[in-house]
There are 4 protein chains.
Amino acid sequence: MRHMIFGESHGPVIGVTLSGVPAGLALDTAALQRQLDRRAPGKDPTATARKESDVAHVVSGLFEGKTTGAPLTILIQNSDQHSGDYDALRYTPRPSHGDYPGFVASKGCQDHRGGGHFSGRLTAPLVAAGAVARQLLAQRGVCVAAHIAIIDGEYDAHFDTQPALEAASQKAFPVLDDAAGEKMRALILDAKENGDSVGGAVECAVFGLPAGLGAPDFGQNTEGIFAQHLFAIPAVKAVEFGTGTSFAYTRGSEANDPLTLQDGKVTAATNNAGGINGGITNGMPLVFTTTFRPTPSISLPQKTVDLRTGAEVDLVIKGRHDPCIVPRAVPVVEAAAALATCELLGI
Amino acid sequence: MRHMIFGESHGPVIGVTLSGVPAGLALDTAALQRQLDRRAPGKDPTATARKESDVAHVVSGLFEGKTTGAPLTILIQNSDQHSGDYDALRYTPRPSHGDYPGFVASKGCQDHRGGGHFSGRLTAPLVAAGAVARQLLAQRGVCVAAHIAIIDGEYDAHFDTQPALEAASQKAFPVLDDAAGEKMRALILDAKENGDSVGGAVECAVFGLPAGLGAPDFGQNTEGIFAQHLFAIPAVKAVEFGTGTSFAYTRGSEANDPLTLQDGKVTAATNNAGGINGGITNGMPLVFTTTFRPTPSISLPQKTVDLRTGAEVDLVIKGRHDPCIVPRAVPVVEAAAALATCELLGI
Amino acid sequence: MRHMIFGESHGPVIGVTLSGVPAGLALDTAALQRQLDRRAPGKDPTATARKESDVAHVVSGLFEGKTTGAPLTILIQNSDQHSGDYDALRYTPRPSHGDYPGFVASKGCQDHRGGGHFSGRLTAPLVAAGAVARQLLAQRGVCVAAHIAIIDGEYDAHFDTQPALEAASQKAFPVLDDAAGEKMRALILDAKENGDSVGGAVECAVFGLPAGLGAPDFGQNTEGIFAQHLFAIPAVKAVEFGTGTSFAYTRGSEANDPLTLQDGKVTAATNNAGGINGGITNGMPLVFTTTFRPTPSISLPQKTVDLRTGAEVDLVIKGRHDPCIVPRAVPVVEAAAALATCELLGI
Amino acid sequence: MRHMIFGESHGPVIGVTLSGVPAGLALDTAALQRQLDRRAPGKDPTATARKESDVAHVVSGLFEGKTTGAPLTILIQNSDQHSGDYDALRYTPRPSHGDYPGFVASKGCQDHRGGGHFSGRLTAPLVAAGAVARQLLAQRGVCVAAHIAIIDGEYDAHFDTQPALEAASQKAFPVLDDAAGEKMRALILDAKENGDSVGGAVECAVFGLPAGLGAPDFGQNTEGIFAQHLFAIPAVKAVEFGTGTSFAYTRGSEANDPLTLQDGKVTAATNNAGGINGGITNGMPLVFTTTFRPTPSISLPQKTVDLRTGAEVDLVIKGRHDPCIVPRAVPVVEAAAALATCELLGI
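Residues numbered from 1 in each chain as written. Chains lettered and ligands numbered in written order. Predicted model: local features only at pLDDT ≥ 70, side-chain atom pairs only at ≥ 80, totals over all residues. Heavy atoms only, no water.

Draft legend 1. Representation of the overall build of chain A. A count of helical and extended segments in chain A gives 8 helices and 17 strands. Relative to a compact globule of 347 residues, whose C-alpha radius of gyration would be 20 Å, chain A shows 21 Å and is just as compact. Projected onto its principal axes, the C-alpha positions of chain A cover 70 × 50 × 40 Å. In chain A, buried positions account for 64% of the 347 residues. Summarising the internal contacts of chain A: among those between residues at least 6 apart in sequence, 72% fall at separations of at least 24. Approximately 11,200 Å² of chain A is accessible, and the part contributed by carbon and sulfur atoms is 51%. Taking the average location of the 28 positive side-chain charges in chain A and that of its 36 negative ones, the two points are 6 Å from each other. (Helix = DSSP H or I, 4+ residues; strand = E, 2+ residues; numbered from the N terminus. Rg over C-alpha atoms; globule rule 2.2 N^0.38 Å. Buried < 20%, exposed > 50% of the residue type's maximum accessible area, 1.4 Å probe, protein only. Contact = heavy atoms within 4.5 Å. Areas by Shrake-Rupley, 256 points an atom, 1.4 Å probe, with all protein chains shown as cover. Lys, Arg positive; Asp, Glu negative; His and termini not counted. Charge placed at Lys NZ, Arg CZ, Asp CG, Glu CD.)

In structure tokens:
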């Protein structure tokens, strides 16, 4: 299964084509829509005021409710666009946005309105594609769930069990520990009030994978497959598996996961490896953390350069922006993980 | 350019084939060999006692000293193998090694001797392939250099300039701050004496890249391309770009890199983004950090399971192992980065 | 540049997404539409009565008339569908159609209406994608043109020059020799009157390619790249380069193309090789012939099997079908060739 | 499973790496060697006098006789090289060889000795890779067999049954009709005596494939997958499926294959389609024909250009060459078909 996402924030439509979808899946389009709704803004005062209807239309590859095996295309109409907000930004790239490198890569031809193809809005078709992947995985007993791990330095609890994580992932503000969640929300609102933004991280787990998937080699190793999907999410700047960057502070005797027999199955007593050894799944939950940089769109004045004149100028960004994209990123990370898991399983 | 690495630790030969190598490169095989020598063990008391000759033989794709454009294969003969050391491990997988998932993936058929195809020894052909890539990059003024960033929690200094990092990368113990390096070596030797191992991280930079390479999309974004190459290195468990995981603790006003004009060129005043915005290079040095888990091979007794009997058993690993692979991983990270950079440049 | 075609004959929409389109192309959408019009039915009494509006809408990747480098999606709305015509065929596969293998591959879930995703209608987005490719090629002085070579055993003349072939390709019935064309049309109409269909072949040339493109190796050789694009056109059953199958009747002394110097450039005096030696372009026009089987949809009674009952049944196909798809296939072959040429050029 | 072939005719070694080989195959290396022996020259007076030992050494991916799933590399040492024969040809490209386009593509750096990487000798590792593929296919009841269909206009009989084709394929001169074979041999020897060469064609069938493999789409359709593998064989200039180019002379009523029920299975009464409809296998034998151009190396004087001086010169090629490569191409076509079949089956 391969996917290709297309569209721009202020174009007529955004969408995704999935090729290689196995035939015969009774696609639950209501469940697909629920995934999009999880991602939609406007549910929480911490999010952007932009309303995104995000109604998914499957226009190919589906017949009488079942996938046909032909390429499956999902379209989402765009609406509620304030393109005028962006004209002032056309030649004054927003710091740490894709604006400047996008200007160079597109030879000055990019659609600058609302971030164009760089917009976080393009995560809507990603969630839609991931929703198809999730339904394929569910047939195999595989489930993906995530929660907010960190926002602006404030940590959520670790998850103990699959049901606990699944429950947390479905919350409007998806944390395990609601008290920690309240602190995170306060940090986001504080940033918002100050015209600033905050970063954070999402921890995600894939449950139900058998041991033996993947390979150590380039292009086939489990970490590499997941990382490629995860870094395609805008604003992701780090991907860690299991203990992740903390391995750099650890000794082997602490880091190693002893092997044991549980219900007749070889199991690791701990899961520092995040379910992967030598690039291959070991049968434990596959666990990884994805770090999101703070939204670069802040209202505070910033320095930039006018690309027409070369003059250094002060920039104040208008428009409606998430002070923190991490809460809405939870279903996006799950979607990318679902697509990665399909690739790993050879679906 | 694509590469395929083959071989096993105790097989007759290991090697790599590179296809799509541009024709006409006057390959400096002595420089290629020097890269392999940087990786070779036995230079430092902190490393494994295993001697690896690692002499690279280019057996195809090279004629009269120049690349022909045909697939270029490099072979390295194996030697100094103590295969007997590994027989005891055949059915008692070492915790946190590829042994158990490799057993499952290979249906019990893997070459268990010396880690087989999972062995860190397979990074030798990776370094050889990377050496070819480096010479192609040098023609375009692009240079890759790395240093040890962390070992067991002990930090090296940050790099200020390209010459400083290049100089550090060539040291026998590649750090910027030799005093920090001494502390790191002491931690490694302490772990070694205690039958333990330590993890760490390598920071790497690619200098000389133009702005505008890559794309935000899956399969084309700069971070994803690099991550896929880096996670193919054994023991890598995290990849971060620029400020990386610390973005989760940061506000946008601190994280954003103001844009400015320097020598008539749009430049970022800081480089928190690690040279990448929106998946595209911005003309700043591309900077990333790669975390290595502690070597799972430790002498301390560990718990595992006998795959024949299902019994839980105590395991003591014999053989010669690096208590810390991070110092030798520096040229390996550079090699993977050089291959990723070639992919990014469309070489 | 990669493309993904989606949609079904009687679905709401068909389309294509092109990723990796170079930025900055001032896309001539009128020229794109003209390519679609060349393919559209209803221009000639020999073609199907089905009217296809085939208006292309570029919905992404284009901004202010120029390509942005982001994925470019072209949508074509469907209309004028007589889905009811096909209900009788749902479980009685038409001989030599994709019906039966499609039934198996889709586990019985394919969209059977109008051939679904197997329909020749899906060549409309292919022509649209090819139209983008042609405009990119024109920037490099590369031009693709084709003509009908054979219909039902009746041959067109060979082309002498690029202008002659280009002129022929633009005709309503694209042949070099209009007298031969009249005979072909008579054969088609005769088949139509008899409820039958006829096969044929399209000869195509790519002009303006430099020598040295491609490689002998799998996945990179020129013939293989073209063949993969050409066989993706429905009903194509043979692809030949230069002298093609007639090489099996030939001696080397006749088949070899002597090398000579023309205008200071190494040139072949003849072009039996079709512009390719050793999988690499030699600077001569790249010439190939593509054979199309007769349309399998004929009105004459045929034998098939009822997939529900297993009974052998007589089948009479209703609906509107081309008795010969070859005339309309000329722009389709050109489109596939344009995409193949872009792949060869690394666009 | 992917493969990468490397080496040059007069280099130290030629070989192939197969990645993605399923683990657990008990590789019959003697059977692999027998495939190489079928291709080896010197068995028949019609073939080249060059002796090729062609002993295959599996140097990775195999342990205790079974595939491990790690990349499997096969090396074949070169020997019996008369490199001096080729020095005169270095700057006077042989007409219709890869010499001139190879010169351009390699920027003048190609290994010209014995055709270098363009040599037919590179089909030895292809046969070795195909031998691995055949053993994987045999596990699934799939068998590939071929015969000489045409040499210099002389036709072999058509095959009736799988056993008849399998028996013919194993002959020293692999034809069904030995009388036709004698005429072919006479034509080859006549060409040889006259310093000339002849072309021909190989017909191949894949038996035992289920219906439903492949898809109509680019990159997934059965014909395209096979064609890409077949055109990677040197000297192949046409690929036809089933009735092939003769479809251009045929009406639908003759070309269509009626469907019938045989042993409870939907079957085609004829096989004009060559086992493929709509790009998908239909359960009939997959049948295709591959045309080989006459060997361009002939002893007769030819015209070429001296690349150093630009002067037109007369060329007489020395060295030992096959006057017809078609007999030795039979196992090569089978090997390419076996690899294509593995790709189709998702192996």
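Let's pick the thread back up.
Draft legend 2. Here's a closer look at the interface of chain D and chain A. Each partner contributes to the interface: chain D provides 4 residues, whereas chain A provides 4 residues. In this assembly, chain D packs against chain A so that about 240 Å² is buried in total across both faces, 44% of it on carbon and sulfur atoms. At the surface where chain D touches chain A, the tally comes to 0 residue pairs in polar contact (both at pLDDT 80 or more). Taken together, the residues that form the side of chain D that touches chain A break down as 1 nonpolar, 2 polar and 1 charged. (Buried area = accessible area lost by both parts, 1.4 Å probe. Polar contact = N/O pair within 3.5 Å; in protein donor to acceptor, adjacent residues only side chain to side chain. Nonpolar A, V, L, I, M, F, W, Y, C, P; charged D, E, K, R; others polar.)

Draft legend 3. Main features of the pairing of strand 9 (residues 200-207) of chain D. Residues and elements named next belong to chain D. Summarising burial for strand 9: 8 of the 8 residues are buried, a large majority. Side chains Gly200, Val202, Cys204 and Val206 project from strand 9 onto one buried face, and the interleaved Ala201, Glu203, Ala205 and Phe207 project onto a second face that is buried too. In the sheet, strand 7 (residues 143-151) pairs with strand 9 via 8 bridges, with the strands oriented antiparallel. Within the sheet, the bridge partner assigned to His147 lies in strand 9 and is Glu203. The pairing of strand 9 with strand 15 (residues 286-292) spans 7 bridges and is antiparallel. Residue pairing across strands places Cys204 opposite Phe288, the latter belonging to strand 15. (Pairing = 2+ DSSP bridges.)

Draft legend 4. Just the environment of Gly195 of chain D, in detail. All names here are of chain D. Mapped onto the elements, Gly195 comes out in the loop between helix 5 (178-193) and strand 9. Once the C-alpha coordinates of Gly195 and Ser299 are considered, the two residues, 104 residues apart in sequence, prove to be 4.6 Å apart. When sequence neighbours within four positions are dropped, the list of residues in contact with Gly195 reads Ile298, Ser299 and Leu300.

Draft legend 5. Layout of the side chain of His97 of chain C. In this fold, His97 of chain C is placed in the loop between strand 6 (72-77) and helix 2 (99-105). By relative accessible area, His97 of chain C is classed as buried at 17%.

Draft legend 6. View of the pairing of strand 2 (residues 13-19) of chain C. All names here are of chain C. Where burial is concerned, most of strand 2 is hidden: 7 out of the 7 residues are buried. Here strand 2 shows no split at all, with Val13, Gly15, Thr17 and Ser19 on one side and Ile14, Val16 and Leu18 on the other all buried. Taking the residues that link successive antiparallel strands as the turn, the strand 1 (residues 2-7)-strand 2 hairpin has 5 residues. For strand 2 and strand 6, the ladder comprises 6 bridges, and the chain directions are antiparallel. Note that in strand 6 the partner of Thr17 across the bridge is Thr73.

Draft legend 7. Geometry of the environment of His229 of chain D. Inspection of the secondary structure puts His229 of chain D in helix 6 (residues 222-231). Taking C-alpha positions, His229 of chain D is 24 Å from Ala167 of chain D, a pair spaced 62 residues apart along the chain. Beyond its immediate sequence surroundings of up to four residues, His229 of chain D is in contact with Phe218 of chain C together with His3, Ala336, Leu339, Ala340 and Glu343 of chain D. Reaching out from His229 of chain D, the side chain makes a polar contact with the side chain of Glu343 of chain D at a distance of 2.8 Å.

Draft legend 8. Up close: the relation of the copies chain A and chain B. In the superposition of chain A on chain B (RMSD 0.0 Å, axial shift 0.0 Å), the rotation amounts to 180°. Taken together, the turn and the small shift mark the pair as related by a two-fold rotation axis. Both copies share a contact surface, since 100% of the interface residues of chain A are interface residues in chain B too. (Least-squares fit on C-alpha atoms with pLDDT ≥ 70 in both.)

Draft legend 9. Summary view of the sheet that holds strand 9 (residues 200-207) of chain B. Across the sheet, which stays open at both edges, the 10 strands sit in the order 8(A)-7(A)-9(A)-15(A)-10(A)-10(B)-15(B)-9(B)-7(B)-8(B) with antiparallel pairing between neighbours. The sheet is open, and its two edges are formed by strand 8 (154-155) of chain A together with strand 8 (154-155) of chain B, each paired on a single side. Where strand 10 (residues 236-241) of chain A lies against strand 10 (residues 236-241) of chain B, 3 bridges are found, and the strand directions are antiparallel. Within strand 10 of chain B, the residue paired with Val239 of chain A across the bridge is Val239 of chain B. In this fold helix 6 (residues 222-231) of chain B packs onto strand 10 of chain A together with strand 9, strand 10 and strand 15 (286-292) of chain B, with an angle of close to 155° to the strand it touches most, strand 10 of chain B. (Axes fitted to C-alpha atoms, helices over the stretch in contact; angles between N-to-C directions.)

Draft legend 10. Just the relation of the copies chain D and chain A, in detail. Of the two same-sequence chains, chain D is brought onto chain A (RMSD 0.0 Å, axial shift 0.0 Å) by a rotation of 180°. A share of 100% of the interface residues of chain D reappears at the interface of chain A, consistent with the copies meeting face to face through the same patch.

Draft legend 11. How the structure looks around the interface of chain A and chain B. Taken together, the contact between chain A and chain B spans 89 residues of the former and 89 residues of the latter. Both faces combined, the contact of chain A with chain B buries some 7,000 Å², and carbon together with sulfur accounts for 59% of it. Of all residues in chain A, the largest losses of buried area upon contact with chain B belong to Phe218, Lys237 and Arg251 of chain A, amounting jointly to 12% of the total for that side. Notably, a salt bridge pairs Asp152 of chain A with Arg251 of chain B, separated by 3.4 Å at the nearest N-O pair. Between the two partners, chain A and chain B, sit 46 residue pairs in polar contact (both at pLDDT 80 or more). (Salt bridge = Lys/Arg side-chain N within 4 Å of Asp/Glu carboxyl O.)

Draft legend 12. Geometry of the sheet that holds strand 1 (residues 2-7) of chain A. Residues and elements named next belong to chain A. Taken together, 4 strands build an open sheet; the order of strands is 1-2-6-3 and the sheet is antiparallel. Of all the strands in the sheet, the pair left with one neighbour each is strand 1 and strand 3 (56-60). Ignoring which end each strand starts from, the neighbouring axes of this sheet average 20° apart. As defined by bridge partners, strand 1 adjoins strand 2 (residues 13-19) across 6 bridges and the pair is classed as antiparallel. Bridge pairing links Gly7 to Ile14 in strand 2. This element, helix 3 (residues 123-138), spans strand 1, strand 2 and strand 6 (72-77) of the sheet and lies at about 30° to strand 2.

Draft legend 13. Broad picture of the packing of aromatic side chains. For the coordinates displayed, the defined rule picks out 20 aromatic pairs over all chains. Among the aromatic residues, those joined into a cluster by ring pairs are Phe226, Phe241 and Phe288 of chain A together with Phe231 of chain B. It is Arg185 of chain A that lies over the ring of Phe173 of chain A; its NZ or CZ is 5.9 Å from the centre. (Phe/Tyr/Trp six-rings, centres within 6.5 Å; stacked < 30°, edge-to-face > 60°. Lys NZ or Arg CZ within 6 Å of the ring centre and 35° of its normal.)

Draft legend 14. Looking closely at the packing of helix 3 (residues 123-138) of chain D against helix 8 (residues 326-345) of chain D. Residue and element names in this part refer to chain D. Relative orientation of the contacting elements helix 3 and helix 8 amounts to 50°, with a least axis distance of 8 Å. Here helix 3 lies oblique to helix 8, going by the angle between them. Helix 8 is crossed by helix 3, and the crossing has left-handed handedness. Where helix 3 abuts helix 8, its residues Thr123, Leu126, Val127, Ala129, Gly130, Ala133, Arg134 and Leu137 lie against Pro331, Val332, Glu334, Ala335, Ala338, Leu339, Thr341, Cys342 and Leu345. When the residues that make up the contact of helix 3 with helix 8 are grouped by side-chain class, the tally is 12 nonpolar, 3 polar and 2 charged. (Parallel < 35°, antiparallel > 145°, perpendicular 65-115°, else oblique. Left-handed = near helix turned anticlockwise from the far one by under 90°.)

Draft legend 15. Molecular detail of the packing of helix 6 of chain B against helix 8 (residues 326-345) of chain B. Residue and element names in this part refer to chain B. Interaxial distance between helix 6 and helix 8 falls to 9 Å at its minimum, and their mutual angle equals 140°. In terms of orientation, helix 6 lies oblique with respect to helix 8. Crossing of helix 6 over helix 8 shows right-handed handedness. Note on element contacts: helix 8 touches helix 6 through Val333, Ala336, Ala337, Leu339, Ala340, Thr341, Glu343 and Leu344, opposite Thr222, Ile225, Phe226, His229 and Leu230.

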